[in-house]
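Okay, here's what each chain looks like letter by letter:
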Amino acid sequence: NEHIYADTGTYKIKLLALNSICRDSTYQTVRITLPLMLYIPNTFTPNGDGENETFTPKGDGIIKFEMMIFDRWGNLLFHTDDIEKGWDGKVNGGSDIAQIDTYVYVINLRAMENKHDYTYRGIVNLIK
């Protein structure tokens, strides 16, 4: 028989085998996880209009996350280890938003499903 689990987690399952002569059972633990999915936008607009104010990747099946933003000369402008905390366009927590330009991101993460580490590199456009 097939069973669909409503949520991720660790479950103890039981297999019962029987025939007209005997009956036996065995137990197994299974772990249900989310597959790794990551969406990385390519542009954001930190201009105060309330839309696309932060560069914030979204994903599922992630147990460890780190993101760094660099300018075109390799200077680190932003760092976070919280997937919910996106880059607001400010340089190292300052008060001024960086200039309109293309910036480099590096995202390191660990997948829940297989515990493997992955690195994503790309560019994001800051426009106002």
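Residues numbered from 1 in each chain as written. Predicted model: local features only at pLDDT ≥ 70, side-chain atom pairs only at ≥ 80, totals over all residues. Heavy atoms only, no water.

Colleague: Help me understand unusual backbone geometry, please; the structure alone is not making it clear to me.
Modeller: Trans peptide bonds make up the majority, and among non-glycine residues the majority have a negative phi. Unlike most non-glycine residues, Asn52 shows phi in positive territory, near 55°. Secondary-structure assignment places Asn52 in the loop between β4 (43-44) and β5 (58-60). Looking at Asn52, the relative accessible area reads 51%, which means it is exposed. With a phi close to 60°, Lys115 is a non-glycine residue in the positive phi region. Tracing the chain through its elements places Lys115 in the loop between β8 (101-111) and β9 (117-126). (Helix = DSSP H or I, 4+ residues; strand = E, 2+ residues; numbered from the N terminus. Buried < 20%, exposed > 50% of the residue type's maximum accessible area, 1.4 Å probe, protein only.)

Colleague: I tried to follow the pairing of strand β6 (residues 62-70) on my own but got confused; where do I start?
Modeller: If a strand is regular, its side chains alternate between the two faces of the sheet. Pairing analysis gives eight bridges linking β6 to β8, with the strands arranged antiparallel. Note that in β8 the partner of Met68 across the bridge is Val106. Sheet analysis places β6 next to strand β7 (residues 76-80), joined by four bridges and oriented antiparallel. Paired with Met68 across the bridge in β7 is His79. What sits between the antiparallel neighbours β6 and β7 is a turn of five residues, in which Gly74 has the positive phi angle 90°. (Pairing = 2+ DSSP bridges.)

Colleague: How should I be thinking about the nonpolar core in this particular structure?
Modeller: The nonpolar side chains of soluble globular proteins are, as a tendency, buried together. With 16 residues, the main nonpolar core has Phe55, Met67, Ile69, Trp87 and Tyr103 as its most contacted residues. For this core, the secondary structure elements donating two or more residues are β6, β7, β8 and β9. The element best represented in this core is β8, accounting for four residues. Non-local contacts of Ile69, meaning those with residues more than four positions away in its chain, are made with Phe55, Asn75, Leu76, Leu77, Phe78, Trp87, Tyr103, Val104 and Tyr105. (Core = buried A, V, L, I, M, F, W, Y, C linked by side-chain atoms within 4.5 Å. Contact = heavy atoms within 4.5 Å.)

Colleague: Can you walk me through the sheet that holds β4 in this structure?
Modeller: Ordered in space as β4-β9-β8-β6-β7, the five strands form an open sheet in which the pairing is mixed. Both edges of this open sheet fall to β4 and β7, since each of them pairs with a single strand only.

Colleague: Mind showing me how you'd approach the environment of Val106 here?
Modeller: Looking at where Val106 falls in the secondary structure, it is placed in strand β8. For Val106 and Met68, which are 38 residues apart along the polypeptide, the C-alpha to C-alpha distance reads 5.3 Å. Filtering out sequence-adjacent residues up to four positions away, Val106 remains in contact with Glu66, Met67, Met68, Phe70, Thr119, Tyr120 and Arg121.

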